[in-house]
Amino acid sequence: MLKFFTLVATFAILATFKIDPDFGWHIAYGRTFLESGKLIGADLFSWTMPGYFWANSYFLYQILVAFLMSFVGTFGLSLIFGAIATFAIYLLFPKKLNLFHSLIIFLGVSMFFPASGVRPHVISFLMYSVSLLLLDRGFYKKPIHAIFWFLFFAVWGNVHRGAIV
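Fair warning: this is a prediction, and the values are worked out from it, not measured in the lab.

A. Geometry of the environment of L68. Here L68 lies in helix α3 (residues 59-91). On a C-alpha basis, the gap between L68 and G30 in space is 10 Å, while along the polypeptide they are 38 residues apart. Other than its neighbours up to four places away in sequence, L68 contacts G73, L77 and I80.

B. A look at the confidence of the model for the protein chain. Averaged over all residues, the pLDDT of the protein chain equals 86, while 99% of them reach at least 70. The spread of mean pLDDT over the elements of the protein chain runs between helix α1 (residues 2-14), the lowest at 83, and helix α6 (residues 145-157), the highest at 92.

C. Representation of the layout of surface pockets in the model. In this model, the largest pocket occupies a volume close to 270 Å³. The set of elements that each furnish at least two residues to the lining of the largest pocket consists of α3 and α5 (120-136). Here the element with the most residues in the lining of the largest pocket is α5; it accounts for three residues. Volume-wise, the second largest pocket comes out at about 240 Å³. For the second largest pocket, the lining is made up of 13 residues, of which D22, W25, H26, Y58 and R161 are closest to its centre. Among the secondary structure elements, those contributing two or more residues to the lining of the second largest pocket are α2 (23-36) and α5.

About the thresholds
- Each chain carries its own residue numbering, running from 1 in the direction its sequence is written.
- Thresholds applied to this predicted model are a pLDDT of at least 70 for local features of residues and 80 or more for the giving and counting of side-chain atom pairs; totals over whole chains, interfaces and linings are not thresholded and use all residues.
- Note that the side-chain values use all heavy atoms of the structure and ignore hydrogens as well as water.
- Under the DSSP-based scheme used, a helix requires at least four consecutive residues in state H or I and a strand at least two consecutive residues in state E, with every element numbered from the N terminus.
- Contact between two residues is taken to exist if any of their heavy atoms lie within 4.5 Å; hydrogens are not considered.
- Confidence scores per residue from the predictor, reported as pLDDT, run from 0 to 100.
- Buried and open spaces are told apart on a 1 Å grid over the protein atoms alone, a cavity being a set of points where a 1.4 Å probe fits but cannot get out and a pocket being an open set with protein on both sides within 12 Å along at least five of seven lines. Residues with an atom within 4 Å of a point are the lining residues.
- Grid points are joined across faces, edges and corners, and a volume is the space filled by probe spheres set on the points.

Encoded structure:
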């Protein structure tokens, strides 16, 4: 019962729509890709540095968010990203949850709250949680696992630069 309450409370805290300063920019780049099929490497939407060439390390996030936005809107995105953040935290739950663990989780959630919302950081946090879980379970001992980790970090690196950490 405590695990369920902790999950529900975590979701209620994290499923809020907070404006990421780059949100509109990410949506515009994602929509441009969905309409044209081209990855954009130059700044098309900024008036301060038009045409500036840069490596778009968020392109998978931008495509995902623009695609989802067209179906579920901002409220739906808030719920989806709240669920992603809650699942990432759930992966790190101890096997036996007690009141002390719940308080520690709420402390962590309150620290994560400013970086949550519809942001690439949330997906990066999920990837980080998955990597910790897999490493803890020894998913690195066989040579074939190297292929998984290469692909895992290739995807993560194109969603958010948090993969570097």
